[in-house]
Amino acid sequence: MKIPDLKIKVRKFRKIRLLRVFVLLLFGGAVCVLGAIFGAYMVIRNNLPSVSELESLKPKIITSIYSDKGEVIREFAEERRIEVPYARIPDILIKAIIATEDPRFYSHKGVDTMGILRAVKEDVIKLGRGSLRRPQGGSTITQQLARSLFLYSQKTIRRKLKEMFLARRIEKQYSKEKILELYCNQFYLGHGAYGVETASNLFFGKSVSDLNLDEAALVAGIFRGPSIYSPYSNAERTLQRRNHVLNRMAEEGYITEAQAEAAKGRPISVLPLRRGSSEFGAYFFEEVRKAVERNYGSDALYNAGLKVYTTLDPDLEKFAEESLRKGLRDRDKRTGWRKDKKNLISDGKGDLEKIWLDAWTNPGVEPGEITDAIVLLAGRTEAVVRVKGYTGRLKNTGIEWTRTKYLDALMRPGDVIQVQVKGIDEGAKELSVTLEQEPLVEGAFLVIDPVTGQIKAMIGGYSFRRSQFNRTTQALRQTGSAIKPFLYTAAVENGFTPASIIVDEPVTFNDKWTGEPWTPRNYDREYKGAVTLRKGLEESRNVVTAKLLDYISPQVGVDYCRKFGLTSTIYPYLSLSLGTFEVTLLELVSGFTTFPNKGVRVKPYFITRIEDKDGNVLEENKVESEEVIPPQTAYMMTSLLQGVVREGTAVAASTLGWPLGGKTGTTDKYTDAWYIGFSPTLCAGVWIGNDAKVTLGERQSGAVAALPLWIDFFAKVIEARKKAAEAQGVELVPEGFEVPPNLSFADIDRKTGLLATSICRFPLREVFFPGTEPVRYCTNQDHLRILDYYSQETAKEEH
């Protein structure tokens, strides 16, 4: 063999050997890669959560609080979500989501290969142009759902593989409709709203099923980035995103070009982000929150989607809040301006144009709103203030209550004051405002339906933000004369009649219960001599009540207080006649409901029923009622309390021209002022006082401090009922108190309590239990005897 041939064979052998080595290495590498991929696949697959968990998925759902009219008025939630079934999601929203997020949704099986390639192509093109900011993920709706439910948001290859595996499993196990339903209910859409139903309520105040085209396009566009596409914080970008969704819908053939253009021509119109005051119903809702949390736990309250149906009447709550706060402000203004305002400059808070006060819970303002303001400039006749993002002009008109004419004598730059918004220039972000002042005195207001026992309104203080202490249910205060109707009830059931004569005179009792002498005094420090029981209650004569209680015994008085539902500590002392023992406003108002409800007291309640998210009733209130007194006694007391309104201490309420009864209450040194009053269908109570139990001021009685607020409230109630009647085309006729059978009526003389004759100047139609009517007619001698007694008592008093 020649040497050249040998060399050629050697070279061929070497090449074949190298090729074999290369093939072996390539095969080994491929095996390793495939093994690694298979190993990764097995690791990922074995560590994937079970898709069957979707069957038992329990997303966090809003607990909704309903009014007595079945309207949602408050929500409790960690995630504000309301679930809706696929059938209630409008087709236009489904198409908007699919056109924007996953056009091939109905054709792929969880992973869209074409979509991934398209996304990669777009990313490469953008990278070449240097404009790639955020890579296109190519994730399908199913992948997004899998990521949201089971995975984390960090972008890694491992997460992406898990996402794809889970998406395929979800597609195998669930229908496209179910996947879309889960998708629409799961995702966060900004400002605390989870799911399309909550977002629709937030943005448009309507259910998702009622969305129109441009509204559906806006909601669909937010899925991509709720922090970016917010109609509140970035309206321009949100508008562009909405229009992009409309274009995609037209490209996919879901709508016509004309429909898209028409929808794009409409501006974004959303409701204010924070609607209504955070103070509205705050004390009532706090009672509801505590009750639900106590019975079902915190997790159920905030996450289980409970439906809590309450007794709250939003109109009555609004009327009561307005009346209480206005009354407290008006009363506070009578004391003048206080120089106790916080100054931000002195506190070193920095730029007055940038500070955001805690009281500013939302960025908008409304006409009539009373809010905190920062003083920027203060002149003699005009001041410039900042309210949230607005500049306000404050004039020195209407500030006579401050006892000065000049604003710079009241405030300086940096002061935090209160103003009321009178006018708004939204374009210029300017306001016209008037000066206000937050009152120091507290108050409480409670409204109960006497027939049902339902609490219709509850205000536990001037401001829930300032104090969460509920003065309707927690504050124990002396009642003063507001306790007297319960004691007079005991008297008329123990031998007295409305015409019984009691002598109003200086007297000292030897209180056998305390072992000490006790001398009651009338509020006005005057004595009227012989008066009827009716007159004693109408004018709230303390001596008359003390004599009645002494006659029936203090223990009987305590027993009757218990019958009317008072559970606080009460001792059988004669001072009970002056209301020296402490009770809550809730106890007192509940007791008064007995009178208009014909002697029956229904235990007050504020929750009618609670349902789970599927509508199953978890609990339903069982009305608890008892007959406290016979209907005849209830009517007699109602008649006496009507007299308090007609010509007694609550005569100011008679201007309302409505069938009303009630009783004022004032405690020693004017620390507490009360008025509890009722119509045939409503019972309401007001308390005014300081938490520290210091005086309200000289002569600040129940008639002066509390009654005006009650009158303002009832005036609103009557006006609302008149408007409702007019809207129905009927005339509103006040419904009087029903007279039960087995009562007797007689015309008597007001002063003597005897049967009236022609000589009587003040006859009165009085009510009696049969057989207790006066039997003698009034004569001139009777009048002279009463007048002589008056003159004798006056002489004694002057002496």
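Higher on the page you've got the structure.
Along every chain, residues carry numbers that run from 1 in the direction the sequence is written. Local features in a predicted model are, by the rule used here, given only for residues with pLDDT of at least 70; side-chain atom pairs are given and counted only at 80 or more, and totals for whole chains, interfaces and linings are based on all residues. Just so you know, side-chain values use all the structure's heavy atoms and leave hydrogens and water out.

Outline the overall build of the chain, supporting the account with residue identities and numerical values.
Labels follow the DSSP assignment, with helices taken as runs of H or I lasting at least four residues and strands as runs of E lasting at least two, numbered in each case from the N terminus. Of regular secondary structure, the chain possesses 21 helices and 27 strands. For the chain, the residues scored as buried account for 50% of the 799 residues in total. Here the chain has roughly 38,300 Å² of accessible surface; of this, 53% comes from carbon and sulfur atoms. Here the term buried applies to any residue with accessible area under 20% of the maximum for its type, exposed to any over 50%, and partly exposed to those in between, with areas from a 1.4 Å probe on protein chains only. The Shrake-Rupley method, run with a 1.4 Å probe sphere, supplies the accessible areas, and residue values consider only the shown protein chains as cover.

Give me the pairing of strand β24 (residues 672-678): which residues, what numbers.
Taking burial as the measure, the seven residues of β24 include seven buried ones, the bulk of the element. Bridge count for strand β23 (residues 661-666) against β24 is six bridges, and the pairing is antiparallel. Each residue of the ladder has a partner; that of T666, found in β24, is A673. Each pair of strands is called paired provided DSSP finds at least two bridges between the two strands. Joining the antiparallel neighbours β23 and β24 is a turn of five residues, in which K669 adopts a positive phi near 65°. Linking two consecutive strands that pair antiparallel, namely β24 and strand β25 (residues 683-689), is a turn of four residues.

Describe the sheet that holds strand β9 (residues 416-425), and please don't skip the residues or the numbers.
The five strands lie next to each other as β6-β7-β8-β10-β9, forming a closed barrel whose pairing is mixed. Going across the sheet, the axis of each strand differs from the next one's by a mean of 50°, ignoring polarity. Between the N-to-C directions of two axes lies an angle of 0 to 180 degrees, each axis being a line fitted to C-alpha atoms and, for a helix, fitted only over the stretch in contact.

Describe the nonpolar core, naming the residues involved and giving the relevant values.
To qualify as a nonpolar core, a set must consist of buried Ala, Val, Leu, Ile, Met, Phe, Trp, Tyr and Cys residues joined through side-chain atoms within 4.5 Å. Judged by nonpolar contacts, the single largest core of 110 residues is most densely connected at F445, L533, F592, F595, I688, W710 and F713. No other element matches helix α20 (residues 702-727), which puts 10 residues into this core. Apart from residues no more than four positions distant in its own chain, I688 is found in contact with L324, L328, V441, E442, G443, T671, D672, A673, L696, A705, A706 and L709. Throughout, a contact is declared for two residues whenever any of their heavy atoms are within 4.5 Å.

Tell me about the pattern of salt bridges, and name the residues and values.
By definition, a salt bridge exists where a carboxyl oxygen of Asp or Glu is found within 4 Å of a side-chain nitrogen of Lys or Arg. Using the criterion set out here, one finds 52 salt bridges in the structure. Measuring nitrogen to oxygen at the nearest pair gives 2.5 Å for the salt bridge that ties K716 to D712. Of this pair, K716 and D712 both sit in helix α20, four residues apart, which is roughly one turn of that helix. Classification of D712 by relative accessible area gives partly exposed; the value is 25%. The network of salt bridges with shared partners includes K528, R534, K535, E538, E539, E647, R750 and E766.

Go over empty space enclosed by the protein, please, and point to the residues and values.
Grid points spaced at 1 Å over the protein atoms alone were grouped into cavities, where a 1.4 Å probe fits but cannot get out, and pockets, open sets with protein on both sides within 12 Å along at least five of seven lines, with lining residues defined by an atom within 4 Å of a point. Grid points are joined across faces, edges and corners, and a volume is the space filled by probe spheres set on the points. Following the criterion strictly, the structure yields two cavities of 30 Å³ or more and no others. In this structure, the largest cavity spans a volume of roughly 60 Å³. P498, T532, R534, K535, E538, I748, R750, L764 and E766 together form the lining of the largest cavity. Mapped by element, the contributors of at least two residues to the lining of the largest cavity are α15 (533-538) and β27 (763-768).

So what's going on with the packing of helix α14 (residues 484-492) against helix α19 (residues 631-647)? Residues and values would help.
For any two helices packed against each other, the geometry is given by the interaxial angle and the distance between the axes. The interhelical angle for the contact between α14 and α19, taken along N-to-C directions, is 130°, at an axis separation of 10 Å. One finds that α14 runs oblique with respect to α19. As α14 runs across α19, the sense of the crossing is right-handed. In this structure, α14 uses P485, Y488, T489 and V492 to contact α19, whose residues at the interface are T633, M636, M637 and L641. Throughout, the ten residues Ala, Val, Leu, Ile, Met, Phe, Trp, Tyr, Cys and Pro are labelled nonpolar, Asp, Glu, Lys and Arg are labelled charged, and all others, Gly among them, are labelled polar. Of the residues contributing to the contact of α14 with α19, the split by class is six nonpolar, two polar and no charged. Put simply, angles under 35 degrees are roughly parallel, angles over 145 are roughly antiparallel, angles from 65 to 115 are roughly perpendicular, and the rest are oblique. Left-handed describes a crossing in which the near helix is turned anticlockwise from the far one by less than a right angle; the clockwise case is right-handed.

Pulling in residues and values, what's your account of the packing of helix α2 (residues 91-101) against helix α6 (residues 176-186)?
Between α2 and α6, the shortest axis-to-axis distance is 12 Å and the interhelical angle comes to 90°. Overall, the two elements α2 and α6 adopt an arrangement that is roughly perpendicular. Residues I94, I97, I98 and E101 of α2 form the contact with α6, whose own contacting residues are L180, Y183 and C184. Looking at the contact of α2 with α6, its residues break down into six nonpolar, no polar and one charged.

An account of the side chain of R331 is needed here, citing residue identities and associated values.
Relative to the helices and strands, R331 is located in helix α13 (residues 314-333). One buried charged side chain, R331, makes no salt bridge at all; its nearest oppositely charged neighbour is D332, positioned 5.9 Å away. When near neighbours in sequence (up to four residues on either side) are disregarded, R331 contacts V441, L696, G697 and Q700. Counted as positive: Lys and Arg. Counted as negative: Asp and Glu. His and the chain ends are not counted at all.

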